[in-house]
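Structural overview
Now for the letters of each chain:
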Amino acid sequence: MTQIAGRKTALYEKHVALGAKIVPFAGYLMPLQYSGQIAEHEAVRGNLGIFDLSHMGEFRITGPDALAAVDRLVTNRIVGTDPGQVVYSPMCRPDGGIVDDLLVYNLGETVLLVVNASNLDKDRAWIMERLPAGVRLLDESYATSLIAVQGPHAEGFLQPLTAAPLAELAYYRAREAAVAGVPVLLSRTGYTGEDGFELYVADARAPELWDRLAEAGAAGGMLPIGLAARDTLRFEMGYCLYGNDIDDTTSPLEAGLGWTVKLDKADFVGKDALARQKAAGLRRRLVGLAVETERAVPRKGVSVMRDGRAVGMVTSGTFSPSLGRGMAMAYVPGELAAAGTPVELDIRGRTATARVTPLPFYAGGTRKVAGKSGAATSAANQGPKGDAGAK
Amino acid sequence: MEFPSELKYTEEHEWVRVEGEDAVVGITDYAQGELGDIVFVELPEPGTEVARGAVFGTIEAVKTVSDLYAPLSGTVSEVNSDLEDDPAVINKSPYGKGWMIRIKIAGPADLSGLMDAAAYRTHIGEGN
């Protein structure tokens, strides 16, 4: 038997029992898919899905100046938030390149940072080197599990399992709660574009919580969702994936994350570089590309061409289950970033045509941006204005 | 995973069923599982000559794309037209309804480079 090495989350045996295809991911053994990527993707868009995201990292920042210390490390505004607020933000290098994108939870006494599994060690070292005296980082990644429930039916599904009034928990807010009798940090966040919740729970209680959620969801057809569908769901929303669309060579301004960069706040790492870049104008921008050629699916690394010359590159590309065709996110020169601009893609030696298109690709998402259902206000949800992605 | 004993297998995860002068070709249960949900298949027209070991088509899944390699040389006599509208049948029935092309074999069938089911299992790491 071939043995693959990797950490197991507290829910690993659940995935094996469900017949998941297990793959190595960021040092973990994770479920790539259960019933099939398209079925899982469609279940989240139309109904309800449950995810094991326990590979993500969680750092607790403590000390009286925790909020200010984090504010100095990330581009978005943290000082001035109130307890219960969740903020999506890049964390930049002095040159403006992105170390990671993360969630910042103002939890009153402490600040919780949720980081990408692939950047866990890098982020921990980066942050610890930059904390002032009196502020500490406690790595809770290996004691914390994370279960997400996502889909238009998420609130109706979860409400019977908790006394917390979910209609009052707005998008990008979090609170302590008991769900199915298990204490969790309940967060109205997600990486799918649908309404949903992310539940941070102690490893020891995670299997019990998963079982209770699965039992409650069975009658309504809730499906377990793997990493493959997680990627097509986030892609359709135009949410960045670190290592694809953003990395330490890309700035948040170039990546369409300018709304997360608050140049009017106090000094933070990368502020000067980003201010200069903004003043000079962006030489390249991350855009969505809608492929016109039938059956052409661009993938990461595909060249974006204009008049036979390579001018950019695809950073994420896939067949979009909701749209039924290939789509791409790509960096293009600033002057080609306007919606409708035609470009060509060199896909395995064949030329396909595409046009720059606004993000998100998929407009029907039900996440409750600004307190309203996403689908009802899809115009307000176009592009990244105030609509966060998270991992 | 299934690997029918009457089929022969290639390193690139195609299967072939030799029926006299004809060979029917598809991809294995292992291949369809690795690819995930299949969304498009690009296959040659009947009459096209295919060469053993050369690419004869493409299979596109949601998350990845893969070339298809001819296990034998010959001329394509038939193409599974069901795959145009329902490529997912390859995932559900890789050896049956998911067959891809029928080839009229050129010359005597040279099966020497092909694996039997047991050797293929070892190839994908299932053997002892």
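Since the structure is predicted, the reported quantities are computational estimates derived from the model, not experimental observations. (Residues numbered from 1 in each chain as written. Chains lettered and ligands numbered in written order. Predicted model: local features only at pLDDT ≥ 70, side-chain atom pairs only at ≥ 80, totals over all residues. Heavy atoms only, no water.)

**Some points on the overall build of chain B**
Scanning chain B from N- to C-terminus turns up four helices and nine strands. N-terminal to C-terminal, the α/β element order of chain B is β-β-β-α-β-β-β-β-β-α-α-β-α. A compact globule built from 128 residues would reach a C-alpha radius of gyration of about 14 Å, and chain B, at 14 Å, matches this within 12%. For chain B, the spread of C-alpha atoms along the principal axes amounts to about 40 × 35 × 20 Å. Counting contacts in chain B only where the partners sit at least 6 residues apart, residues at least 24 apart contribute 63% of the total. (Helix = DSSP H or I, 4+ residues; strand = E, 2+ residues; numbered from the N terminus. Rg over C-alpha atoms; globule rule 2.2 N^0.38 Å. Contact = heavy atoms within 4.5 Å.)

**Some points on the pairing of strand E16 (residues 309–320) of chain A**
Here is the key point about a regular strand: its side chains alternate between the two faces of the sheet. All names here are of chain A. Note: strand E15 (residues 303–306) against E16, four bridges, orientation antiparallel. Bridge pairing links Val304 to Gly312 in E16. Hairpin connection, E15 to E16: the antiparallel pair is bridged by two residues, and Asp307 has positive phi, about 50°. Two elements, E16 and strand E17 (residues 325–333), share seven bridges in a ladder whose sense is antiparallel. (Pairing = 2+ DSSP bridges.)

**Observations concerning the pairing of strand E2 (residues 28–33) of chain A**
Within E2(A), six of the six residues are buried, which leaves it mostly tucked inside the rest of the structure. What sits between strand E1 (residues 21–25) of chain A and E2(A) in their antiparallel hairpin is a turn of two residues, with Ala26(A) showing a positive phi close to 50°. (Buried < 20%, exposed > 50% of the residue type's maximum accessible area, 1.4 Å probe, protein only.)

**Looking at the state of the cysteines**
Residues and elements named next belong to chain A. All told, the structure shown has zero disulfides over all chains when counted by the stated rule. This cysteine, Cys92, is not joined by any disulfide, and Cys240 carries the nearest cysteine sulfur, 12 Å off. Classification of Cys92 by relative accessible area gives buried; the value is 0%. We classify Cys240 as buried; its relative accessible area is 5%. (Disulfide = S-S within 2.5 Å.)

**Brief notes about the side chain of Gln33(A)**
Locating Gln33(A) in the fold gives a position in strand E2. If near-sequence neighbours (up to four positions away) are discounted, Gln33(A) is found in contact with Ala20(A), Lys21(A), Glu40(A), Gly226(A) and Gly36(B).

**Side note on the packing of helix H2 (residues 37–46) of chain A against helix H7 (residues 227–236) of chain A**
A pair of packed helices can be characterised by two numbers: the angle between their axes and the separation between those axes. All names here are of chain A. Two elements in contact, H2 and H7, have axes separated by 8 Å at closest approach and are oriented at 50°. One finds that H2 runs oblique with respect to H7. The handedness of the crossing between H2 and H7 is right-handed. Of the residues in H7, those touching H2 at Gln37, Glu40, His41, Val44 and Arg45 are Ala228, Ala229, Thr232, Leu233 and Glu236. (Axes fitted to C-alpha atoms, helices over the stretch in contact; angles between N-to-C directions. Parallel < 35°, antiparallel > 145°, perpendicular 65-115°, else oblique. Left-handed = near helix turned anticlockwise from the far one by under 90°.)

**A short note on the confidence of the model for chain B**
The predicted coordinates ought not to be read in detail in places where the model reports low pLDDT. Looking at chain B, pLDDT values average 95 and 98% of them are 70 or higher. Overall fold confidence (pTM) sits at 0.94, and the ipTM for the predicted complex is 0.93. (pLDDT = per-residue confidence, 0-100.)

**A word on the interface of chain B and chain A**
Across the contact, 19 residues belong to chain B and 18 residues belong to chain A. Buried area between chain B and chain A, both sides added, is near 1,600 Å², and the carbon and sulfur share of it is 45%. Taken together, chain B and chain A are joined by five salt bridges. One salt bridge connects Arg295(A) with Glu84(B), and the closest N-O pair in it is separated by 3.3 Å. Inspection of the chain B/chain A interface yields 14 residue pairs in polar contact (both at pLDDT 80 or more). Of all the elements, strand E4 (residues 38–42) of chain B adds the most residues to the side of chain B that touches chain A, at four residues. Broken down by class, the residue content of the side of chain B that touches chain A amounts to six nonpolar, six polar and seven charged. (Buried area = accessible area lost by both parts, 1.4 Å probe. Salt bridge = Lys/Arg side-chain N within 4 Å of Asp/Glu carboxyl O. Polar contact = N/O pair within 3.5 Å; in protein donor to acceptor, adjacent residues only side chain to side chain. Nonpolar A, V, L, I, M, F, W, Y, C, P; charged D, E, K, R; others polar.)

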